[in-house]
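A closer look at the structure
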Amino acid sequence: MRLTPRQIHSIKQVAAEVFGSDAQLYLFGSRVDDQRRGGDIDLYITGTALPLEAQLESKLKFLVKVKQQLGDQRIDLVVAPMPGQALQPIHRMAQQTGMPL
């Protein structure tokens, strides 16, 4: 996993502030592979049961706060679908390859 302990702590702290203590974060994508270089920080979050409008607002708030703490990093946040909603390919990939933070 190519995140520092400080980065992990900051990301988890902001997620708890914005999405609540039940939120669970997973890192997926290129940053999971220690042999690769560069790449954005791909995060998958579960444990949030917010309506779409609140979900979008929280996602923006999370990204702004994380960028303030980590600096100008490319960060993607994928939010798990609400119960009853169909999984998209990105959700499946995050679930299959994600590592818990």
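Relevant structure appears above.
Residues numbered from 1 in each chain as written. Predicted model: local features only at pLDDT ≥ 70, side-chain atom pairs only at ≥ 80, totals over all residues. Heavy atoms only, no water.

Moving on, we get to the pairing of strand β3 (residues 75-79). A regular strand places its side chains so that they alternate between the two faces of the sheet. Counting buried residues along β3, 4 of its 5 residues qualify, which places the element largely inside the surrounding structure. Two elements, strand β2 (residues 41-46) and β3, share 5 bridges in a ladder whose sense is parallel. The partner of Tyr44 across the bridge, within β3, is Val78. Read as a crossover between parallel neighbours, the route from β2 over helix α2 (residues 52-70) to β3 is right-handed. (Buried < 20%, exposed > 50% of the residue type's maximum accessible area, 1.4 Å probe, protein only. Helix = DSSP H or I, 4+ residues; strand = E, 2+ residues; numbered from the N terminus. Pairing = 2+ DSSP bridges. Right-handed = clockwise from strand over helix to strand, strands pointing away.)

Turning our eyes to something else, we now look at the pairing of β2. When you tally the buried positions in β2, you get 6 out of 6 residues, the bulk of the element. By the alternation rule, side chains of β2 split into Ile41, Leu43 and Ile45 and Asp42, Tyr44 and Thr46, which are all buried. Pairing of strand β1 (residues 24-28) with β2, which is carried by 5 bridges, proceeds in the antiparallel orientation. Among the inter-strand pairings, Gln24 is bridged to a residue of β2, identified as Thr46.

Function-wise, these values are silent; they only describe arrangement.
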